[in-house]
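Here's the letter readout for the chains.
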Amino acid sequence: MADSIDSLYSTYFSDIYRFLFSLCHNHHTAEDLVQETFFRAYLYIENYQSGSVKAWLFTVAYHAYIDHHRKHKRVTIQDEGYFSRFLDKNKAVDETIVIHEEIEELLREVNTLPEKHKMAVLLCDFNSLSYEEAAEVMKVSKAYVKVLLFRGRKAIRQRRSKEYE
(Lines give C-alpha, C1' and ligand atoms only; values in the text may rest on other atoms or scores of the structure.)
Protein backbone atom coordinates (compact mmCIF):
# COMPACT_ATOMS: atom_id res chain seq x y z
CA MET A 1 0.00 0.00 0.00
CA ALA A 2 2.89 2.40 0.77
CA ASP A 3 4.25 1.76 -2.72
CA SER A 4 0.92 2.68 -4.29
CA ILE A 5 0.62 5.96 -2.37
CA ASP A 6 4.24 6.77 -3.25
CA SER A 7 3.56 6.20 -6.93
CA LEU A 8 0.38 8.29 -6.72
CA TYR A 9 2.36 11.04 -5.01
CA SER A 10 5.10 11.09 -7.63
CA THR A 11 2.60 10.93 -10.49
CA TYR A 12 0.07 13.52 -9.35
CA PHE A 13 1.98 15.85 -7.00
CA SER A 14 2.43 18.67 -9.51
CA ASP A 15 -1.18 18.49 -10.75
CA ILE A 16 -2.57 18.57 -7.22
CA TYR A 17 -0.19 21.36 -6.22
CA ARG A 18 -1.16 23.54 -9.22
CA PHE A 19 -4.85 22.98 -8.50
CA LEU A 20 -4.54 23.85 -4.81
CA PHE A 21 -2.28 26.81 -5.53
CA SER A 22 -4.82 28.17 -8.01
CA LEU A 23 -7.44 27.95 -5.25
CA CYS A 24 -5.52 29.39 -2.31
CA HIS A 25 -2.90 31.58 -4.08
CA ASN A 26 -0.28 30.84 -1.46
CA HIS A 27 2.71 28.57 -2.00
CA HIS A 28 3.03 27.44 1.61
CA THR A 29 -0.68 26.80 2.07
CA ALA A 30 -0.77 24.84 -1.19
CA GLU A 31 2.16 22.69 -0.04
CA ASP A 32 0.43 22.03 3.29
CA LEU A 33 -2.79 21.13 1.50
CA VAL A 34 -0.95 18.77 -0.86
CA GLN A 35 0.47 16.97 2.16
CA GLU A 36 -3.00 16.86 3.74
CA THR A 37 -4.44 15.52 0.47
CA PHE A 38 -2.00 12.64 0.23
CA PHE A 39 -2.31 11.91 3.95
CA ARG A 40 -6.09 11.62 3.53
CA ALA A 41 -5.59 9.54 0.39
CA TYR A 42 -3.34 7.19 2.35
CA LEU A 43 -5.92 6.89 5.13
CA TYR A 44 -8.85 6.25 2.80
CA ILE A 45 -7.24 4.47 -0.14
CA GLU A 46 -9.13 1.30 0.75
CA ASN A 47 -12.39 3.24 0.21
CA TYR A 48 -11.33 4.19 -3.32
CA GLN A 49 -13.61 2.66 -5.89
CA SER A 50 -12.92 2.15 -9.55
CA GLY A 51 -12.79 5.23 -11.72
CA SER A 52 -10.26 7.92 -12.32
CA VAL A 53 -7.59 8.04 -9.63
CA LYS A 54 -6.77 11.59 -10.71
CA ALA A 55 -10.37 12.71 -10.22
CA TRP A 56 -10.48 10.99 -6.82
CA LEU A 57 -7.31 12.79 -5.73
CA PHE A 58 -8.68 16.11 -6.97
CA THR A 59 -11.82 15.43 -4.92
CA VAL A 60 -9.73 14.73 -1.83
CA ALA A 61 -7.68 17.89 -2.52
CA TYR A 62 -10.81 19.99 -2.99
CA HIS A 63 -12.25 18.78 0.31
CA ALA A 64 -8.94 19.50 2.06
CA TYR A 65 -9.07 23.03 0.61
CA ILE A 66 -12.70 23.53 1.69
CA ASP A 67 -11.88 22.34 5.22
CA HIS A 68 -8.91 24.70 5.37
CA HIS A 69 -10.96 27.58 3.94
CA ARG A 70 -13.77 27.06 6.45
CA LYS A 71 -11.30 26.82 9.29
CA HIS A 72 -9.53 30.06 8.37
CA LYS A 73 -12.53 31.94 6.90
CA ARG A 74 -10.33 34.04 4.68
CA VAL A 75 -8.67 33.83 1.31
CA THR A 76 -5.34 35.52 0.75
CA ILE A 77 -4.80 36.49 -2.86
CA GLN A 78 -1.15 36.77 -3.79
CA ASP A 79 0.15 37.01 -7.30
CA GLU A 80 3.38 35.03 -7.20
CA GLY A 81 3.85 34.63 -10.94
CA TYR A 82 3.35 30.90 -10.64
CA PHE A 83 2.61 30.26 -14.29
CA SER A 84 5.66 32.20 -15.47
CA ARG A 85 7.87 29.16 -14.92
CA PHE A 86 5.94 27.33 -17.63
CA LEU A 87 6.90 29.89 -20.23
CA ASP A 88 9.39 28.98 -22.93
CA LYS A 89 12.85 30.08 -21.80
CA ASN A 90 13.90 30.67 -25.43
CA LYS A 91 11.39 33.45 -26.02
CA ALA A 92 12.49 37.05 -26.20
CA VAL A 93 12.22 39.07 -22.99
CA ASP A 94 9.46 41.31 -24.34
CA GLU A 95 7.43 38.28 -25.44
CA THR A 96 7.84 36.67 -22.03
CA ILE A 97 6.70 39.86 -20.28
CA VAL A 98 3.59 40.11 -22.45
CA ILE A 99 2.69 36.45 -21.86
CA HIS A 100 3.31 36.82 -18.12
CA GLU A 101 1.01 39.86 -17.99
CA GLU A 102 -1.70 38.00 -19.93
CA ILE A 103 -1.53 35.07 -17.51
CA GLU A 104 -1.81 37.39 -14.50
CA GLU A 105 -4.75 39.19 -16.10
CA LEU A 106 -6.47 35.89 -16.86
CA LEU A 107 -5.98 34.68 -13.28
CA ARG A 108 -7.46 37.93 -11.96
CA GLU A 109 -10.48 37.37 -14.19
CA VAL A 110 -10.86 33.76 -13.03
CA ASN A 111 -10.70 34.88 -9.40
CA THR A 112 -13.65 37.25 -9.93
CA LEU A 113 -15.94 34.44 -11.08
CA PRO A 114 -18.52 32.89 -8.77
CA GLU A 115 -17.04 29.93 -6.88
CA LYS A 116 -18.62 27.15 -8.98
CA HIS A 117 -17.68 28.81 -12.27
CA LYS A 118 -14.16 29.34 -10.98
CA MET A 119 -13.89 25.68 -9.97
CA ALA A 120 -15.07 24.46 -13.38
CA VAL A 121 -12.59 26.69 -15.22
CA LEU A 122 -9.71 25.74 -12.92
CA LEU A 123 -10.43 22.01 -13.13
CA CYS A 124 -11.06 21.77 -16.86
CA ASP A 125 -8.96 24.55 -18.39
CA PHE A 126 -6.03 24.88 -15.98
CA ASN A 127 -5.77 21.26 -14.81
CA SER A 128 -7.01 19.40 -17.90
CA LEU A 129 -9.61 17.27 -16.14
CA SER A 130 -12.35 15.85 -18.33
CA TYR A 131 -15.96 16.92 -17.81
CA GLU A 132 -16.63 13.62 -16.07
CA GLU A 133 -13.68 14.03 -13.72
CA ALA A 134 -14.59 17.64 -12.92
CA ALA A 135 -18.18 16.58 -12.25
CA GLU A 136 -16.92 13.91 -9.89
CA VAL A 137 -14.74 16.43 -8.02
CA MET A 138 -17.52 19.01 -7.78
CA LYS A 139 -20.23 16.42 -7.01
CA VAL A 140 -22.44 17.68 -9.84
CA SER A 141 -23.58 16.30 -13.18
CA LYS A 142 -21.43 16.38 -16.29
CA ALA A 143 -24.00 18.63 -17.98
CA TYR A 144 -23.84 21.10 -15.09
CA VAL A 145 -20.04 21.24 -15.36
CA LYS A 146 -20.42 22.09 -19.05
CA VAL A 147 -22.87 24.87 -18.18
CA LEU A 148 -20.59 26.26 -15.46
CA LEU A 149 -17.58 26.11 -17.76
CA PHE A 150 -19.47 27.79 -20.60
CA ARG A 151 -20.70 30.59 -18.33
CA GLY A 152 -17.31 31.07 -16.71
CA ARG A 153 -15.53 31.30 -20.06
CA LYS A 154 -18.23 33.60 -21.40
CA ALA A 155 -17.88 35.96 -18.41
CA ILE A 156 -14.12 36.10 -18.90
CA ARG A 157 -14.49 36.77 -22.63
CA GLN A 158 -17.04 39.53 -21.99
CA ARG A 159 -14.87 41.24 -19.39
CA ARG A 160 -11.83 41.04 -21.63
CA SER A 161 -13.70 42.39 -24.65
CA LYS A 162 -14.95 45.37 -22.59
CA GLU A 163 -11.35 46.18 -21.69
CA TYR A 164 -10.41 46.43 -25.36
CA GLU A 165 -13.32 48.64 -26.37
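One structure accompanies this document, and this report is about it. All values reported here derive from a predicted model rather than from experimental measurement.

1. Focus: the packing of helix α2 (residues 27-44) against helix α3 (residues 53-72)
Between α2 and α3, the shortest axis-to-axis distance is 9 Å and the interhelical angle comes to 125°. Taken together, the axes of α2 and α3 are oblique relative to one another. Where α2 crosses over α3, the two elements pack in a sense that is right-handed. In this structure, α2 uses T29, L33, E36, T37, F38, R40, A41 and Y44 to contact α3, whose residues at the interface are W56, L57, V60, A61, H63, A64, Y65, D67 and H68. Its residues assigned to classes, the contact of α2 with α3 shows ten nonpolar, four polar and three charged.

2. Notes on helix α6 (residues 131-138)
The α-helix winds at 3.6 residues per turn, so residues separated by three or four positions along the chain end up facing the same way. Within the sequence span of α6, burial applies to E133, A134, A135, V137 and M138. Note on α6: the residue one or two positions beyond its end, K139, has a positive phi of about 60°.

3. Concerning the environment of S4
Considering the arrangement of structural elements, one finds S4 in helix α1 (residues 2-24). Residue S4 is classed as partly exposed on the basis of its relative accessible area, which comes to 31%. Between the alpha carbons of S4 and Y42 there is a distance of 9.1 Å; along the sequence they are 38 residues apart.

4. Overview of helix α5 (residues 115-126)
Burial analysis of α5 places nine of its twelve residues in the buried class, the great majority of the element. Along α5, the residues classified as buried are H117, K118, M119, A120, V121, L122, L123, C124 and F126.

5. Some thoughts on the pattern of salt bridges
Applying the stated criterion across every chain yields a total of seven salt bridges. Note that D15 is salt-bridged to R18, the shortest N-O span being 2.5 Å. Taken as a pair, D15 and R18 lie in helix α1 at a separation of three residues, close to a single helical turn. The same class applies to D15 and to R18, which are both buried. The closest approach of N and O atoms between E132 and K142, which form a salt bridge, is 2.9 Å. Here K142 lies in helix α7 (residues 142-163) and E132 lies in helix α6, a separation of ten residues in the sequence. By relative accessible area, E132 is classed as partly exposed at 44%. Linked through salt bridges whose partners overlap, the residues forming this network are D15, R18 and K54.

6. Concerning the packing of aromatic side chains
Throughout the structure, instances matching the rule amount to five aromatic pairs. Aromatic side chains Y9 and F13 sit 5.3 Å apart centroid to centroid with 45° between the ring planes, which places their arrangement in the tilted category. Of this pair, Y9 and F13 both sit in helix α1, four residues apart, which is roughly one turn of the helix. Taking relative accessible area as the criterion, Y9 reaches 29% and is therefore assigned partly exposed. For the ring pair F19 and F58, a centre distance of 5.0 Å and an interplane angle of 55° mean the geometry is tilted. Placement of F19 in helix α1 and of F58 in helix α3 is noted, with a sequence separation of 39 residues between them.

The rules behind the values
Residues numbered from 1 in each chain as written. Predicted model: local features only at pLDDT ≥ 70, side-chain atom pairs only at ≥ 80, totals over all residues. Heavy atoms only, no water. Axes fitted to C-alpha atoms, helices over the stretch in contact; angles between N-to-C directions. Helix = DSSP H or I, 4+ residues; strand = E, 2+ residues; numbered from the N terminus. Parallel < 35°, antiparallel > 145°, perpendicular 65-115°, else oblique. Left-handed = near helix turned anticlockwise from the far one by under 90°. Contact = heavy atoms within 4.5 Å. Nonpolar A, V, L, I, M, F, W, Y, C, P; charged D, E, K, R; others polar. Buried < 20%, exposed > 50% of the residue type's maximum accessible area, 1.4 Å probe, protein only. Salt bridge = Lys/Arg side-chain N within 4 Å of Asp/Glu carboxyl O. Phe/Tyr/Trp six-rings, centres within 6.5 Å; stacked < 30°, edge-to-face > 60°.

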